[in-house]
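# A structural walkthrough
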Amino acid sequence: MLSQRTITLVKQSLPLLADAGVEVTEHFYQRMFAHNPELLDVFNLSNQRSGKQQFALFNALAAYATYIDQPEVLSSAIARINHKHTSLGIAPHHYPIVGEHLLATLREKFPEQFNADIEQAWAEAYAFLADLFITQEEGIYRQAEQLHGGWRGTRRFYISKIVKESELVKSFYLVPCDEQAVMPYQAGQYLAVCCSIPTEDNRQIRQYSLSHASNNRSYRISVKRDNLVSGYLHSLPEGAELDIMPVAGDFLLKQTDIPKVLISAGVGITPMMAMLHTLAERSFSAQLHFLHACRSPSQLSFSDELAQAASSLPTLTTRTWIEEGATGATSEKSSSGRMVLAPLSPALPLENGEFYLCGPTPFMANIKQQLLTLGVDESRILYEVFGPHESL
């Protein structure tokens, strides 16, 4: 456990972080990649360029300094990071590297305020957190390894089938090259795909939600073409091989029989499809809503699958919002414009349902606020952010 002196000194240094903002984490990443360029094969460089990763790390540092004496407050955030780390193959030897550059960054950015006592306190606080991460991540690695069909590290898969779901989305069916079983997963989880793109110097790793129910034989991911890695995947033919990390993720469909509402926008529909198929396999009989928003009719994915799911789920209600280019009047199943929940509120399980959200962060923030306004308790609003985590 950390001493009270360490806790006090770390908390006292919190204003330094607040005043500097993301400048601290920008300096940290620049320093670390300059001294340890091998880590460029691990980190998402698109998130580095956009600033999302620096912002996420700054929020994480500030949260840790704030709640260093109340670790239970951070348990959910730590679990989420643990899963992301295991999907990237983060290992114990990475932690001393990060710690070295974190302390050096604080020394270099705050040469007058960051004295020996504060440095020692941050060193102890970081070591405590690193030990916690290493222990919990080893547990995730071992669990994945010990499951039937499980593994550790990368495993070679080939693309057995490619299906065009919409103008921008393709589904990739992945089968292990050894033709052996694959580990089961829970609806809402994701796979990390490791890509060596001929035009790039560094390996690229991206996480993609699984978009079908677990079957122990293969996986399906559904990828929107919108950046370097997704564009590369869209260029691959059937039969191409990829290195895949074990399943990870803590955005999980709860195994309860209470009403559920699945709300998505754009490619955020992918984990919702896994949830829908899983519920269909369970013959889920409670109230169930599938609400989806997309930009245009040409970008609407999985229409046929939704219709098939409706035939096996008598309690399922579906509704789609088309932001641009929709034709025809509003009906019970489709609307023009952006998603608005108030008109549906009499039919929604506002008092006891579970609400699952996935899509662009502004969309989810808006929907969360709508749900709170309608009286849904925040504890029953669950969500997944693609990329570095953000609070809604």
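Before any of the text, the structure's been laid out above.
Here goes a summary of the coordinates provided. (Residues numbered from 1 in each chain as written. Predicted model: local features only at pLDDT ≥ 70, side-chain atom pairs only at ≥ 80, totals over all residues. Heavy atoms only, no water.)

### Some details on the overall build of the protein
Stated precisely, the cut-off is as follows: Every helix listed is a DSSP run of H or I at least four residues long, and every strand listed is a run of E at least two residues long, numbered separately from the N terminus. Throughout, the radius of gyration refers to the C-alpha atoms, and the reference size of a globule is 2.2 Å times the residue count to the power 0.38. For the exposure calls, accessible area comes from a 1.4 Å probe over protein chains only, and a residue counts as buried if that area is under 20% of its type's maximum, exposed if over 50%, partly exposed in between. Whether two residues are in contact is decided by their heavy atoms, any of which lying within 4.5 Å being enough. Shrake-Rupley sampling with a 1.4 Å probe provides the accessible areas, and residues are treated as covered by the protein chains on show and by no other component. Note that His is not counted, nor are the chain ends; the positive residues are Lys and Arg, and the negative ones are Asp and Glu. To locate a charge, take atom NZ for lysine, CZ for arginine, CG for aspartate or CD for glutamate.
Scanning the protein for helices and strands turns up 12 helices and 12 strands. Relative to the globule expectation of 21 Å for 392 residues, the C-alpha radius of gyration of the protein, 22 Å, shows essentially globular dimensions. Across its three principal directions, the C-alpha atoms of the protein cover 65 × 50 × 40 Å. Taken over 392 residues, the protein has a buried fraction of 50%. Taking the contacts inside the protein whose residues are at least 6 apart along the sequence as the reference set, 74% of them involve residues at least 24 apart. Counting only carbon and sulfur atoms, one obtains 52% of the accessible surface of the protein, whose full area is about 18,100 Å². In the protein, 31 side chains carry a positive charge and 41 a negative one; their mean positions are 5 Å apart.

### Section: the side chain of H277
Just so we agree on the cut-off: The definition of a polar contact used here is a pair of N or O atoms within 3.5 Å, where within protein one atom must be able to donate a hydrogen and the other to accept one, and adjacent residues in sequence count solely through side-chain atom pairs.
Locating H277 in the fold gives a position in helix α10 (residues 269-281). Residue classification places H277 among the buried positions, given a relative accessible area of 14%. Looking at H277, its side chain comes within polar contact range of the side chain of E305, at 2.7 Å. When residues no more than four places from it in sequence are discounted, the contact partners of H277 are S211, H212, A213, R220 and E305.

### Some thoughts on the sheet that holds strand β4 (residues 204-209)
Through backbone hydrogen bonds, the strands of a sheet pair up, either in parallel or in antiparallel fashion. To keep things clear, this is the line we draw: One bridge is not enough; two strands pair if DSSP finds at least two bridges between them. For helices, the fitted axis covers only the stretch in contact; all axes are lines through C-alpha atoms, and the angles between them, taken along N-to-C directions, range from 0 to 180 degrees.
On the basis of which strands lie adjacent, the open sheet formed by 6 strands has the order β4-β3-β6-β1-β2-β5 and antiparallel pairing. Looking along the sheet, the strands with just one partner apiece sit at the ends: β4 and β5 (219-224). Each neighbouring strand pair of the sheet contributes to a mean axis angle of 40°, computed without reference to strand direction. Bridge count for strand β1 (residues 155-164) against strand β2 (residues 169-176) is 7 bridges, and the pairing is antiparallel. Each bridged residue has a counterpart across the sheet, and for K164 the counterpart in β2 is K170.

### Some remarks on the pairing of β2
A large share of β2 lies buried, amounting to 7 of its 8 residues. Between the antiparallel neighbours β1 and β2 lie 4 residues. Looking at chain direction, β2 and β5 are connected through 6 bridges and run antiparallel. Note that in β5 the partner of V169 across the bridge is K224.

### Topic: helix α3 (residues 23-35)
Short version of the rule: Expected span, for any helix, means 1.5 Å times one less than how many residues it has.
Spanning 13 residues, α3 covers 18 Å between terminal C-alpha atoms, matching the ideal 18 Å at 1.5 Å per step. For α3, the complete set of buried residues consists of V24, T25, F28, Y29, R31, M32 and F33.

### Describing the nonpolar core
As a reminder, the rule being used: We define the nonpolar core as a collection of buried residues of types Ala, Val, Leu, Ile, Met, Phe, Trp, Tyr and Cys that are connected through side-chain atoms lying within 4.5 Å of one another.
Counting residues in hydrophobic clusters, the biggest one holds 42 residues, and the most contacted among them are M32 and W122. Mapped onto this core, the elements with two or more residues apiece are α1 (4-12), α2 (14-20), α3, α5 (52-66), α6 (75-88), α7 (94-109), α8 (116-146) and β3 (190-195). Of the residues forming this core, the biggest block, 8 residues, is contributed by α8. Those residues within four positions of W122 in sequence are excluded, and the remaining contacts are V10, S13, L17, L61, A65, L103, L106 and F114. Counting 26 residues, the second-largest nonpolar core is a separate cluster that includes W151, F157, M183 and L236.

### Examining the packing of α3 against α7
Applied cut-off: Oblique is the label for every angle not falling under 35 degrees (roughly parallel), over 145 degrees (roughly antiparallel), or within 65 to 115 degrees (roughly perpendicular). In this scheme, a crossing is called left-handed if the near helix is turned counterclockwise away from the far one by less than a right angle; it is called right-handed if the turn is clockwise. Note on residue categories: nonpolar means Ala, Val, Leu, Ile, Met, Phe, Trp, Tyr, Cys or Pro, charged means Asp, Glu, Lys or Arg, and polar means any other residue, Gly included.
It is at 9 Å that the axes of α3 and α7 come closest, and there the two elements cross at 130°. Between α3 and α7, the angle falls in the class oblique. Of the two elements, α3 crosses α7, and the hand of that crossing is right-handed. Taking contact as the criterion, the partners of E23, V24, H27, F28, R31, M32 and H35 in α3 are, on α7, I97, V98, H101, L102, A104, T105, L106, E108 and K109. Partitioned by chemical class, the residues of the contact of α3 with α7 number 8 nonpolar, 4 polar and 4 charged.

### Some points on unusual backbone geometry
Positive phi values are uncommon outside glycine, yet N216 reaches one of about 70°. Structurally, N216 is set in the loop between β4 and β5. Unlike most non-glycine residues, S283 shows phi in positive territory, near 55°. Tracing the backbone shows S283 in the loop between α10 and β8 (288-294).

### Concerning the packing of α6 against α8
Where α6 meets α8, the closest approach of the two axes is 9 Å, and the angle between their N-to-C directions is 60°. One finds that α6 runs oblique with respect to α8. Crossing hand, α6 versus α8: right-handed. The residues of α8 that touch α6, namely those facing I78, I81, N82, H83, H85 and T86, are L129, L132, F133, Q136, E137, I140 and Y141.

### Points about the packing of aromatic side chains
Definition in use: Only Phe, Tyr and Trp rings take part, Trp by its six-membered ring, and two of them pair if their centres are within 6.5 Å. Stacked means planes under 30 degrees apart, edge-to-face means over 60, and tilted covers everything else. Here, a charge over a ring means that NZ of Lys or CZ of Arg falls within 6 Å of the ring centre while also lying within 35 degrees of the ring normal.
Tallied over the entire structure, the rule returns 10 aromatic pairs. Among the aromatic residues, those joined into a ring-pair cluster are F28, Y29, F33 and F43. Against the face of Y173 rests K161, its NZ or CZ located 4.4 Å from the ring centre. The positively charged end of R319 is found above the aromatic ring belonging to W321, 5.6 Å away from the centroid.

### So, the sheet that holds strand β12 (residues 381-384)
A sheet is described by the order of its strands in space; here 6 strands give the open sequence β10-β9-β8-β7-β11-β12, paired in parallel fashion. At either margin of the open sheet sits one strand with a lone partner, and together these are β10 (334-336) and β12. Neighbour-to-neighbour, the strand axes of the sheet open up by a mean angle of 15°, direction not taken into account. As paired elements, β8 and strand β9 (residues 316-322) share 7 bridges and run parallel to each other. When the sheet's bridge partners are listed, H289 is paired in β9 with T317. The strands touched by helix α12 (residues 361-373) are β7 (260-265), β8, β11 (354-358) and β12; relative to β11, the strand with the most contacts, the crossing angle is about 160°.

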